[in-house]
Number of protein chains: 2
Amino acid sequence: MNFEIKYKDARGRVGTLKTPHGIIKTPALMPVIHPGKQTLPVSDYGAEVVITNAYLIYKNEELREKALNDGVHELIDFTGPIVTDSGSFQLSEYGDVQVTNEEIVKFQEMIGTDIGTSLDIPTPPSVKRERAEKELIITLKRAKEALEVREELMLNSVVQGSTFPDLRSECAQKLGKMDFQVHPIGAVVPLMESYRYQELVEVVMASVSHLPDSRPRHLMGAGHPMIFALAVAMGCDLFDSAAYILYAEDDRLLMPNGTLKLENLYEMPCSCEVCTSYTPEELRQMEKEKRTELLAIHNLRMSFAEMRLIRQAIVDGSLWELVEQRCRAHPFLLEALRSLKNYSLDLEKYDPPYKKSAFFYTGPESLNRPEVYRHLKRMERISPSQKLILLPRSGKPYSERLYDLPQTFYKVVDNDSSAVAGTGSSRIPQEDMQVAVVDVPFGIIPLELDQVYPLAQNESPADYDEDSIKMVKNALRDYIKGFKEIIISAEVARKFALEQVLSLEDYSFQESLKIDVDDHKRIIMIADYQFGSGAGEGLFNEEVKIVKSRKTRKIRHVYDGDELIATLRASDGVFVLAKEGARRLHRYLPYPKNRVVVNEDAEPFAREGKSIFAKFVINCDIDIHAKEEVLIVNEQDQLLAFGKSILNGKEILNFNTGQAVKTRKGGL
Amino acid sequence: MNFEIKYKDARGRVGTLKTPHGIIKTPALMPVIHPGKQTLPVSDYGAEVVITNAYLIYKNEELREKALNDGVHELIDFTGPIVTDSGSFQLSEYGDVQVTNEEIVKFQEMIGTDIGTSLDIPTPPSVKRERAEKELIITLKRAKEALEVREELMLNSVVQGSTFPDLRSECAQKLGKMDFQVHPIGAVVPLMESYRYQELVEVVMASVSHLPDSRPRHLMGAGHPMIFALAVAMGCDLFDSAAYILYAEDDRLLMPNGTLKLENLYEMPCSCEVCTSYTPEELRQMEKEKRTELLAIHNLRMSFAEMRLIRQAIVDGSLWELVEQRCRAHPFLLEALRSLKNYSLDLEKYDPPYKKSAFFYTGPESLNRPEVYRHLKRMERISPSQKLILLPRSGKPYSERLYDLPQTFYKVVDNDSSAVAGTGSSRIPQEDMQVAVVDVPFGIIPLELDQVYPLAQNESPADYDEDSIKMVKNALRDYIKGFKEIIISAEVARKFALEQVLSLEDYSFQESLKIDVDDHKRIIMIADYQFGSGAGEGLFNEEVKIVKSRKTRKIRHVYDGDELIATLRASDGVFVLAKEGARRLHRYLPYPKNRVVVNEDAEPFAREGKSIFAKFVINCDIDIHAKEEVLIVNEQDQLLAFGKSILNGKEILNFNTGQAVKTRKGGL
């Protein structure tokens with residue numbers, strides 16, 4: 001396998017793809033090179049990989065001879081990795097090509113392509129299902145044939161299936177079982193051309209969710225920077241751009257928030273060499289050829305800058321924020337973004353739970369982010385109490401900013417405390433009282449969790465939109481089930497229109513309300529929230545010793561006597577296990593929960609504390625996220641080591657290269 | 001007066017400010033130059049105007065001598081316009097300065113500053129009102145004194161008043177009556193530093209709404225590109241950036257959506273010469289001085305690019321879209337954007353009603369845009385009918401896309417048809433039936449208006465957010481008052497949860513519903529909507545002849561016999577008057593409605609069809625927007641000519657330079 005993931009955010013990955021002519025840093029943009037025409041030296045403007053058309057070379061005798069003699073790299077004068085397409089585009093445009101699948105695959109191998117493509121059938125959107133099914137059979141047959149024909153050539157295998165999500169998924173699944181290196185998602189250009197972005201999301205999500213995580217996906221024909229961030233967030237790794245030159249020829253400038261026409265320009269819009277050296281008028285007066293070249297340079301510069309910005313956002317953990325900004329470029333992109341709420345379950349599994357960046361609320365779409373979905377699910381791990389007190393938002397962390405406690409409260413009348421909201425809540429109330437803050441976007445935040453990422457590391461406007469109010473109102477109505485007595489500050493009730501869903505009556509505390517967060521209760525709740533219901537009790541009994549930072553007065557370590565159990569990480573407020581913590585968690589959590597199971601060969605390395613490579617993993621908890629604390633065990637579930645996952649459960653099982661777990665300590 | 005407006009959008013202006021050393025194109029960013037230190041040649045990176053500190057020059061003997069002998073332009077080696085500050089910043093930082101107001105104003109004049117500043121008191125945010133009031137008195141006194149002291153020097157006069165909107169307004173109003181050339185808005189840096197953007201909006205709006213429109217406003221200390229778009233949309237024209245160098249010294253990169261730290265960079269984020277020539281690692285390894293210079297170049301390039309993009313957006317009429325994108329950079333910027341809904345009345349007057357760009361919905365904040373507010377107000381100009389039929393959204397223009405009319409309808413029971421929604425609605429129903437489409441964000445669009453900007457030129461996601469649903473529901477509830485019979489498609493009722501606010505019962509049309517938009521009804525309604533209640537009847541009687549485009553089948557011209565009354569402009573679907581139209585409108589609309597009144601001197605020029613300069617206007621309809629059809633009259637309200645306004649009513653009265661009306665025809 002040639003692909004490795006270095007950083008993750010949303011469904012996006014920063015990775016590397018090894019090819020015979022070098023390593024491609026993904027997500028990557030591949031400028032399209034027309035093999036016959038004189039073109040820009042795209043590598044001067046940032047191209048590290050290009051794509052050209054093998055069919056055009058094959059069809060032209062002169063080009064064919066040169067390619068066969070000198071290789072495709074010499075032909076198009078590019079020393080880095082070259083991807084070639086097979087003529088499928090011509091097939092879709094002209095209905096016919098003069099080459100067979102077998103011939104074109106062999107040809108690509110002969111000219112030294114780095115990644116070749118079989119001659120699939122690009123079924124356009126919105127055709128009759130019958131046609132899509134029929135063409136899919138041919139596409140799959142040719143894919144298989146390509147595998148038999150190729151020798152060492154790395155192969156693209158294109159996911160087709162028109163706009164039928166189930167056909168896309170079926171195709172992805174079948175191709176994924178065969179030995180391909182890259183999976184393009186094909187025939188989506190008509191969707192992008194007509195701004196049918198919501199359908200694009202359907203097609204891409206149906207494809208990526210059924211493709212192996214261990215191979216890059218190429219969103220074919222996507223060359224407008226406006227779509228890059230969203231596509232990467234859905235798990236696309238490669239893009240090709242003919243747009244840079246086609247738009248330039250048409251006197252149009254690509255921008256991450258749309259397209260500008262030179263004829264309408266009053267100012268040059270970016271900081272590239274073209275925009276800072278020429279005025280729009282100078283460009284308009286220029287002869288066509290020179291102008292086209294300059295606009296193509298702008299288009300390349302802008303597109304590569306956007307791709308770099310996206311990679312940076314993945315490393316920072318701020319990809320969602322970038323996507324949500326970019327999707328304001330067109331209302332149909334916003335519509336597409338909104339439709340991601342249909343994929344919460346899938347997206348949550350890929351999105352790392354702990355990030356370097358704070359969660360920034362950018363609008364109602366932020367309510368659909370994996371972080372929110374995850375919090376609501378994890379709240380089911382928390383045991384309910386007899387009594388619940390709900391306070392309005394204050395500064396963060398909430399428990400340290402409760403200077404002005406509210407004066408007026410309501411009590412919920414007729415709450416059905418026998419009803420239960422989730423699995424976690426069905427456990428018997430253990431604590432007398434839970435105090436929580438009600439806020440957007442996370443809904444209910446018990447004070448004990450107020451330093452856990454992203455509950456402390458988020459910002460939202462104080463002026464709530466209606467979607468936020470509705471979401472919190474509903475979350476709250478579900479959450480309070482199972483509590484015997486619920487007291488709500490009048491401010492919370494008013495802000496979230498709770499009288500619409502609850503019966504409320506005035507309430508007064510006998511004495512003035514005093515809030516004090518108990519340290520032991522805090523560590524129990526954090527552990528439950530982080531590892532699952534009851535994990536807190538498994539890790540920390542009544543006798544544990546809590547050590548706080550002298551400076552910040554925050555909990556730092558939890559000991560059993562002199563033995564460290566776990567450390568509360570200051571940056572995101574979750575536990576990092578120590579040896580004793582790993583042992584306790586292993587004892588408490590049933591197999592395969594939080595486990596990564598390595599084979600016999602890897603066992604000694606794991607015991608030594610070496611990091612775990614994906615190829616040694618034979619099983620694991622499919623619900624593990626990237627960046628979680630995991631237990632490394634052998635097939636007999638003996639604890640060997642523990643560490644931090646680099647990939648999620650599905651990825652760990654799928655990958656055969658690269659690290660799966662960064663081991664903290666072995667020797668257990 | 002030295003300032004002219006060329007293009008307008010939102011409250012923003014693209015304009016020119018004449019100074020002794022050249023013309024400043026606004027909105028402009030002025031890099032801060034430290035007079036004593038070696039600095040970057042900022043003009044190489046796009047600076048056309050700079051700002052430096054006269055007090056620092058004054059205080060340093062060597063600098064002072066050089067400035068007095070050679071002038072400030074020679075001193076800091078910049079040939080373009082130079083603005084100087086007076087030491088107020090030092091006053092706010094150190095509590096004291098060793099210069100008097102009189103001395104520093106005189107000094108600025110002596111060293112050849114283009115725009116100087118008096119020594120105001122920068123009262124910080126959130127002080128006690130008493131202090132703000134006391135300091136404001138000194139600021140105003142010194143402003144007055146500066147006027148008496150200066151000879152030819154153009155003068156800044158800074159609006160102060162801390163975070164008290166009424167004090168800011170009072171200060172703005174008083175300074176506006178004196179002969180200053182530019183108005184900085186001062187002491188807002190602490191607000192920006194602590195992300196108190198919503199308060200910044202309060203301060204800026206309280207200031208600009210009371211400043212003369214004919215002078216540029218300088219948002220003092222605003223150097224982060226993240227805030228530029230919003231500030232320009234509120235009417236700020238000048239910005240100063242010390243940020244470019246301060247952030248560079250601190251290894252930070254300015255971006256339009258925030259700040260990046262070099263230490264966290266994995267990729268360079270933009271397309272400037274620095275970002276495309278160096279890797280983050282190369283910069284990190286570099287010696288401090290060189291690195292600072294390169295980062296400063298990036299910061300300048302990025303800041304100037306953003307400013308150019310903003311000017312472009314004003315020319316395109318897409319500034320709101322840019323602002324709404326930029327305000328997602330931080331939740332508190334989004335909060336600030338949301339707070340603009342408190343200024344709808346003011347913003348609507350400045351925002352041109354017709355733009356080159358389509359209206360793109362970017363989120364609930366778009367519901368607060370002037371276009372929506374204006375539509376709802378203008379709908380009050382439309383006469384109600386006996387019967388109202390409400391259809392769901394189709395493609396646009398709606399009347400041409402009604403392929404699949406809905407099958408199921410409800411009738412509103414117990415509608416109070418005696419209640420009236422607005423002035424317009426109080427007129428007697430004249431038409432039998434009005435058919436309207438219900439859509440986001442404009443609410444109710446009668447089919448007759450479906451080609452009028454922006455009702456045809458807008459896009460929004462099909463997946464409505466809760467704020468949109470609520471807004472449309474409320475607008476609809478108001479609008480239907482006055483109609484006798486209201487039939488609503490079931491789809492509309494469902495999408496906008498109308499059963500919550502209306503009593504509905506099943507309804508069937510006797511025959512299948514057929515929709516046909518009557519041409520005469522269409523021109524009447526467009527004219528009412530465009531010019532005011534009843535204008536349609538005033539312009540077009542029953543006998544007018546309607547001429548359609550052969551190609552598009554859309555209405556193009558309306559004649560009375562052979563005499564053209566008006567032309568319906570294809571791009572935005574509103575009327576452009578012809579001579580007869582102007583005469584009829586003049587007859588119908590009472591003075592001063594739609595009038596621009598010119599003095600005796602200008603009368604002959606107006607009659608000849610020459611454009612109207614602001615200095616000749618002695619009165620006008622204060623409700624005129626930019627880009628509207630206006631009637632040019634003399635003091636006796638005799639119609640001289642007609643044309644298109646370039647400024648709004650308030651601006652026309654305020655300006656003494658530049659064009660106010662582009663005359664279409666004289667000789668009436």
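Just so it is clear, the model here is predicted, and its values are computed rather than measured.

### Describing the overall build of chain A
Piece 1. Broken down by element type, chain A carries 24 helices and 31 strands.
Piece 2. A compact globule built from 668 residues would reach a C-alpha radius of gyration of about 26 Å, and chain A, at 28 Å, matches this within 12%.
Piece 3. Along the first, second and third principal axes, the C-alpha atoms of chain A reach 90 × 65 × 50 Å.
Piece 4. Residues counted as buried form 62% of the 668 residues belonging to chain A.
Piece 5. Across chain A, contacts joining residues at least 24 apart in sequence account for 70% of those joining residues at least 6 apart.
Piece 6. Within the structure as shown, chain A displays about 25800 Å² of accessible surface, and the carbon and sulfur contribution to it stands at 46%.
Piece 7. Side-chain charges in chain A split into 85 positive and 100 negative, and the spacing between the mean points of these groups amounts to 3 Å.

### A short note on the nonpolar core
Piece 1. Of all hydrophobic cores here, the largest spans 375 residues; its most connected members are A:Phe540 and B:Phe540.
Piece 2. In contact with B:Phe540, not counting residues within four places along its chain, are B:His520, B:Ile523, B:Ile524, B:Ala527, B:Val558, B:Ile565, B:Ala566, B:Phe575 and B:Arg584.

### So, the environment of A:Ile185
Residues and elements named next belong to chain A.
Piece 1. The residue Ile-185 is located in strand β9 (residues 183-185) in this model.
Piece 2. Taking the relative accessible area as the measure of exposure, Ile-185 reaches 0% and is therefore buried.
Piece 3. Taking the C-alpha atoms as reference points, Ile-185 and Ser-207, separated by 22 residues in sequence, lie 7.3 Å from one another.
Piece 4. Setting aside its immediate chain neighbours within four residues, Ile-185 contacts Val-158, Val-159, Arg-168, Val-203, Val-204, Ser-207, Val-208, His-218, Leu-219, Met-220 and Cys-236.

### Brief notes about the confidence of the model for chain A
Residue and element names in this part refer to chain A.
Piece 1. Across chain A, the average pLDDT comes to 95, with 97% of residues at 70 or higher.
Piece 2. Of the regions scoring below 50 in pLDDT, residues 420-430 engages in 24 contacts with residues more than four places distant in sequence or in other chains.
Piece 3. Prediction confidence for the complex, expressed as pTM and ipTM, is 0.96 and 0.96 respectively.

### Considering the environment of A:Tyr266
Piece 1. Topologically, A:Tyr266 is positioned in the loop between β13 (258-261) and α12 (280-285).
Piece 2. Sequence separation between A:Tyr266 and A:Thr279 is 13 residues, and the spatial gap between their C-alpha atoms is 8.3 Å.
Piece 3. Excluding residues within four positions of it along the chain, A:Tyr266 makes contact with A:Pro280, B:Tyr7, B:Val14, B:Lys25, B:Arg311, B:Gln312 and B:Val315.

### Thoughts on a negative patch on the surface
Residue and element names in this part refer to chain A.
Piece 1. A cluster of acidic residues, Asp-516, Asp-518, Glu-542 and Glu-543, forms a negative patch at the surface.
Piece 2. In this structure, Glu-542 sits in the loop between α21 (535-539) and β22 (545-548).
Piece 3. The exposure class of Glu-542 is exposed, given its relative accessible area of 64%.

### Brief notes about the relation of the copies chain B and chain A
Piece 1. The transformation that overlays chain B on chain A combines an axial shift of 0.0 Å with a rotation of 180 degrees, and the residual RMSD is 0.0 Å. The relationship between the two copies is best expressed as a two-fold rotation axis. The rotation axis passes nearest to the C-alpha of B:Cys272 in chain B, at a distance of 2.3 Å.
Piece 2. A shared interface surface links the copies, since 100% of the contact residues of chain B are contact residues in chain A too.

### Examining the interface of chain B and chain A
It is common to give the size of an interface as the accessible area that goes away when the parts come together.
Piece 1. The partner chain A presents 52 residues to the 52 residues of chain B that form the contact.
Piece 2. A combined buried area of about 4800 Å² lies between chain B and chain A, and 52% of that area is made up of carbon and sulfur atoms.
Piece 3. Contact with chain A buries surface across chain B, with B:Tyr266, B:Glu267 and B:Arg328 losing the most and accounting together for 14% of the total.
Piece 4. Counting across the interface, chain B meets chain A through 10 salt bridges.
Piece 5. Here A:Lys341 makes a salt bridge to B:Asp463, at a shortest N to O gap of 2.8 Å.
Piece 6. Where chain B touches chain A, the interface holds 30 residue pairs in polar contact (both at pLDDT 80 or more).
Piece 7. Elements supplying a minimum of two residues to the side of chain B that touches chain A: α13 (288-316), α14 (319-326), α15 (331-339) and α18 (466-479) of chain B.

### So, the pairing of strand β12 (residues 252-255) of chain A
Piece 1. Bridge analysis of β12(A) against β13(A) gives four bridges, and the strand direction is antiparallel. Along β13(A), the bridge assignment pairs A:Leu254 with A:Thr259.

### Focus on the sheet that holds strand β26 (residues 595-598) of chain A
Residues and elements named next belong to chain A.
Piece 1. Pairing in this open sheet of six strands is mixed, and the strands run β27-β31-β30-β29-β26-β28 from one edge to the other. This sheet does not close on itself; its edge strands, each paired only once, are β27 (612-613) and β28 (617-620).
Piece 2. Of the strand pairs in this sheet, β27 and strand β31 (residues 659-665) are connected by two bridges, and their pairing is antiparallel. If you follow Ile-612 over to β31, its bridge partner there is Val-661.

### Looking at unusual backbone geometry
Most peptide bonds take the trans configuration, and most residues that are not glycine carry a negative phi.
Piece 1. Residue A:Pro397 follows A:Lys396 across a cis peptide bond; omega there is -10 degrees.
Piece 2. Looking at the element boundaries, A:Pro397 is found in the loop between β15 (385-392) and β16 (409-413).
Piece 3. The omega torsion across A:Val440 and A:Pro441 is 5 degrees, close enough to zero to call that bond cis.
Piece 4. Residue B:Arg553 is not a glycine yet carries a positive backbone phi of 65 degrees.
Piece 5. Mapped onto the fold, B:Arg553 is located in the loop between β22 (545-548) and β23 (555-560).

### Focus: the pairing of strand β5 (residues 50-53) of chain B
Each regular strand displays side chains that alternate between the two surfaces of the sheet.
Residues and elements named next belong to chain B.
Piece 1. Residues Val-50 and Thr-52 of β5 are buried on one face, and the alternating residues Ile-51 and Asn-53, pointing to the opposite face, are buried as well.
Piece 2. In terms of strand pairing, strand β4 (residues 28-33) meets β5 through two bridges, oriented parallel. Counterpart to Val-32 in the pairing with β5 is Ile-51.

### Structural notes on helix α10 (residues 225-233) of chain B
Piece 1. Within α10(B), nine of the nine residues are buried, which leaves the element mostly enclosed by the surrounding structure.
Piece 2. Buried within α10(B) we find B:Pro225, B:Met226, B:Ile227, B:Phe228, B:Ala229, B:Leu230, B:Ala231, B:Val232 and B:Ala233.

### Description of the packing of aromatic side chains
Piece 1. Counted under the stated rule, the structure contains 22 aromatic pairs over all chains.
Piece 2. Their ring planes at 80 degrees and their centres at 5.1 Å tell us that A:Tyr58 and A:Phe107 sit as a pair that is edge-to-face. Of this pair, A:Tyr58 sits in helix α1 (residues 54-59) while A:Phe107 sits in helix α5 (residues 101-110); the two residues are 49 residues apart in sequence, bridging distant segments of the chain.
Piece 3. Look at A:Phe107 and you get buried, because its relative accessible area is 2%.
Piece 4. Here the aromatic rings of B:Tyr507 and B:Phe509 are separated by 5.2 Å at their centres, their planes lie at 85 degrees, and the arrangement is edge-to-face.
Piece 5. Taking the relative accessible area as the measure of exposure, B:Tyr507 reaches 18% and is therefore buried.
Piece 6. An aromatic cluster of three or more residues is present, and its members are A:Phe409, A:Tyr507 and A:Phe509.
Piece 7. Lying across the ring of A:Tyr350, A:Arg11 places its NZ or CZ 3.8 Å from the centre.

### Some points on the packing of helix α6 (residues 129-149) of chain A against helix α7 (residues 165-176) of chain A
All names here are of chain A.
Piece 1. Packing of α6 against α7 brings their axes to within 11 Å, and their N-to-C directions diverge by 10 degrees. Judged by the angle between their axes, α6 and α7 are roughly parallel. Residue-level inspection shows Arg-129, Ala-132, Glu-133, Leu-136, Leu-140 and Ala-143 of α6 in contact with α7, the latter providing Asp-166, Leu-167, Cys-171, Lys-174 and Leu-175.
Piece 2. When grouped by side-chain class, the residues that make up the contact of α6 with α7 number seven nonpolar, no polar and four charged.

### Section: the pattern of salt bridges
Side chains that carry opposite charge are capable of pairing whenever their charged atoms lie near each other.
Piece 1. For the structure on display, the rule yields 96 salt bridges over all chains.
Piece 2. The residue A:Arg369 makes a salt bridge to A:Glu321 at a minimum N-O spacing of 2.9 Å. Within this pair, whereas A:Arg369 is found in the loop between β14 (359-360) and α17 (370-378), its partner A:Glu321 is found in helix α14 (residues 319-326), the two being separated by 48 residues in sequence. Across this residue pair, the class does not change: A:Arg369 and A:Glu321 are buried.
Piece 3. Two residues, B:Lys66 and B:Asp70, come together in a salt bridge whose shortest N-O distance is 3.5 Å. Of this pair, B:Lys66 and B:Asp70 both sit in helix α2 (residues 61-70), four residues apart, which is roughly one turn of the helix.
Piece 4. Overall, the relative accessible area of 43% leaves B:Asp70 in the partly exposed class.

### Some points on the packing of α7(A) against helix α9 (residues 197-208) of chain A
All names here are of chain A.
Piece 1. Look at α7 against α9: their axes get within 7 Å of each other, and the N-to-C directions meet at 30 degrees. Here α7 is positioned roughly parallel relative to α9, judged by the angle of their axes. Regarding α7 and α9, the two cross each other, and that crossing is right-handed. Between α7 and α9, the residues in contact are Pro-165, Arg-168, Ser-169 and Ala-172 and Glu-202, Val-203, Ala-206 and Ser-207, respectively.
Piece 2. Its residues assigned to classes, the contact of α7 with α9 shows four nonpolar, two polar and two charged.

About the thresholds
- Residues numbered from 1 in each chain as written.
- Chains lettered and ligands numbered in written order.
- Predicted model: local features only at pLDDT ≥ 70, side-chain atom pairs only at ≥ 80, totals over all residues.
- Heavy atoms only, no water.
- Helix = DSSP H or I, 4+ residues; strand = E, 2+ residues; numbered from the N terminus.
- Rg over C-alpha atoms; globule rule 2.2 N^0.38 Å.
- Buried < 20%, exposed > 50% of the residue type's maximum accessible area, 1.4 Å probe, protein only.
- Contact = heavy atoms within 4.5 Å.
- Areas by Shrake-Rupley, 256 points an atom, 1.4 Å probe, with all protein chains shown as cover.
- Lys, Arg positive; Asp, Glu negative; His and termini not counted.
- Charge placed at Lys NZ, Arg CZ, Asp CG, Glu CD.
- Core = buried A, V, L, I, M, F, W, Y, C linked by side-chain atoms within 4.5 Å.
- pLDDT = per-residue confidence, 0-100.
- Patch = residues over 30% accessible without salt bridge, like charges linked within 9 Å, V, L, I, M, F, W, Y side chains within 5 Å.
- Salt bridge = Lys/Arg side-chain N within 4 Å of Asp/Glu carboxyl O.
- Least-squares fit on C-alpha atoms with pLDDT ≥ 70 in both.
- Buried area = accessible area lost by both parts, 1.4 Å probe.
- Polar contact = N/O pair within 3.5 Å; in protein donor to acceptor, adjacent residues only side chain to side chain.
- Pairing = 2+ DSSP bridges.
- Phe/Tyr/Trp six-rings, centres within 6.5 Å; stacked < 30°, edge-to-face > 60°.
- Lys NZ or Arg CZ within 6 Å of the ring centre and 35° of its normal.
- Axes fitted to C-alpha atoms, helices over the stretch in contact; angles between N-to-C directions.
- Parallel < 35°, antiparallel > 145°, perpendicular 65-115°, else oblique.
- Nonpolar A, V, L, I, M, F, W, Y, C, P; charged D, E, K, R; others polar.
- Left-handed = near helix turned anticlockwise from the far one by under 90°.

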